[in-house]
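Overview (structure and organization)
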Amino acid sequence: MPALPKEGSIVVLTGAGISKESGLDTFRDKDGIWSRVRLEDVATPDGFRRDPARVHAFYNARRRSLAEGDIHPNPAHQALARLEMEWPGDVLVVTQNIDDLHERAGSGNLIHMHGELLKIRCQKCASPFAWTGDLGLEDKCPDCHRVGSLRPHVVWFGEMPLDMERIFEALEDCALFVSIGTSGHVYPAAGFVQTVRARGRAHTVELNLEPSEGASLFRETRMGPASRLVPAFVEELLSR
């Protein structure tokens, strides 16, 4: 069985569990977001076509919570930023989260495969823009100046995640794949460990509060809070 590497590239997948300890709601927990609102209404292209005002209100509330609330990176985010800075090889963080906590912690080599809450996108010219305030039907695209064409820069159910070619290239080359705080229910991210396992050379580790749907596919699993597990794991890697 491959051991933890001393060099080579690392791909880290993060999910809602890493941000929950910073005060952000998860989606699939029993008291998570999908227990309070139907995903079909606020997280699908059809839902946006039916009631764009409702969708804007949902994401406006989440944007305000992220920007104005007492939300900060936790030790897990900070440890991954440290890993990127000190590891003798490439470290790519692929996050399913749409918050900006990895950036705030200092991660630079980062892919938001499900989009970003603090960005919007024009449906006409496809241009993305930073956006920290509320968004409504009356707002105009900063690029093509169309009114009512803006939407959250978030990947909804039924849409293709972002930067998949770059992600799979990194998975093919990595010496270590680490999954942190993910449920293992949402594809294609849930299948990343199988992509890495098919090569047979890389070590795979799950760090999670409880076993994910695909926990048995990992060569190593460690259970506990991300804010405790991730800093300890990074320290172990960097001390090798």
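For the structure, see preceding data.
In what follows, the accompanying structure is described. Here the structure is a predicted model, which means the values were calculated and not measured. (Residues numbered from 1 in each chain as written. Predicted model: local features only at pLDDT ≥ 70, side-chain atom pairs only at ≥ 80, totals over all residues. Heavy atoms only, no water.)

**Overview of the pairing of strand β6 (residues 150–154)**
What counts here: For the exposure calls, accessible area comes from a 1.4 Å probe over protein chains only, and a residue counts as buried if that area is under 20% of its type's maximum, exposed if over 50%, partly exposed in between. Only DSSP runs of H or I reaching four residues or more are called helices, and only runs of E reaching two or more are called strands; each is numbered from the N terminus. Strands were regarded as paired on the criterion that DSSP finds at least two bridges between them.
Across the 5 residues that make up β6, a large majority, 5, are buried. In this structure, strand β4 (residues 115–122) lies alongside β6, joined through 4 bridges in antiparallel fashion. Paired with Arg-121 across the strands is Arg-151, a residue of β6.

**Let's talk about the side chain of Gln-96**
Going by this rule: Contacts are assigned to residue pairs that have any heavy atoms within 4.5 Å of one another.
With respect to the helices and strands, Gln-96 occurs in the loop between β2 (91–95) and α6 (101–105). On the accessibility criterion, Gln-96 (16% relative accessible area) is buried. Once you skip the residues sitting within four places of it in the chain, Gln-96 turns out to touch Leu-13, Thr-14, Gly-15, Met-113, His-114, Thr-182, Val-186 and Ala-189.

**Focus: the packing of helix α5 (residues 75–86) against helix α9 (residues 226–238)**
Put simply, the rule reads: Interaxial angles span 0 to 180 degrees and are taken between N-to-C directions of axes, which are lines fitted to C-alpha atoms, for helices over the stretch in contact. In this scheme, roughly parallel covers angles under 35 degrees and roughly antiparallel covers those over 145, while 65 to 115 is roughly perpendicular and the rest are oblique. Two helices that cross are described as forming a left-handed crossing if the nearer one is turned anticlockwise from the farther one by less than a right angle, and a right-handed crossing if clockwise.
Where α5 meets α9, the axes come as close as 7 Å, and the angle between the chain directions of the two elements is 15 degrees. In terms of axis orientation, α5 runs roughly parallel to α9. The hand of the α5/α9 crossing is left-handed. Note on element contacts: α9 touches α5 through Ala-226, Ser-227, Val-230, Pro-231, Val-234, Glu-235, Leu-237 and Leu-238, opposite Pro-75, Ala-76, Ala-79, Leu-80, Arg-82, Leu-83 and Glu-86.

**Description of the pairing of strand β1 (residues 10–14)**
The buried count for β1 comes to 5 of 5 residues, which makes it a mostly enclosed element. Across the two faces of β1 the burial is the same, with Ile-10, Val-12 and Thr-14 and Val-11 and Leu-13 all buried.

**Considerations on the sheet that holds β6**
Spatially, the 3 strands line up as an open sheet ordered β5-β4-β6, and their pairing is antiparallel. Because the sheet does not close on itself, it has two edges, and the strands there are β5 (128–130) and β6. For this sheet the average axis-to-axis angle between neighbouring strands, irrespective of direction, equals 45 degrees. Lying on the sheet, helix α4 (residues 52–68) is in contact with β4 and β6; it crosses β4 at an angle near 135 degrees.

**Observations concerning the side chain of Asn-60**
Of note, Asn-60 is situated in helix α4. Judged by relative accessible area, which is 8%, Asn-60 ranks as buried. With sequence-adjacent residues up to four places away left out, Asn-60 is seen in contact with Gly-133, Asp-134 and Leu-135.

**Regarding the nonpolar core**
The condition is simple: Each nonpolar core is a collection of buried residues, namely Ala, Val, Leu, Ile, Met, Phe, Trp, Tyr and Cys, held together in the definition by side-chain atoms within 4.5 Å.
By size, the foremost hydrophobic cluster in this structure holds 23 residues, and its most contacted members are Ile-10, Leu-176, Ile-180, Leu-207, Val-230, Phe-233 and Leu-237. Among the elements that line this core, the one with the most residues is α9, at 6 residues. What Leu-237 contacts, discounting residues up to four positions off in sequence, is Leu-4, Pro-5, Ile-10, Leu-83, Trp-87 and Leu-176. Residues Val-11, Leu-13, Ala-189 and Phe-218 belong to the second largest nonpolar core, which totals 18 residues.

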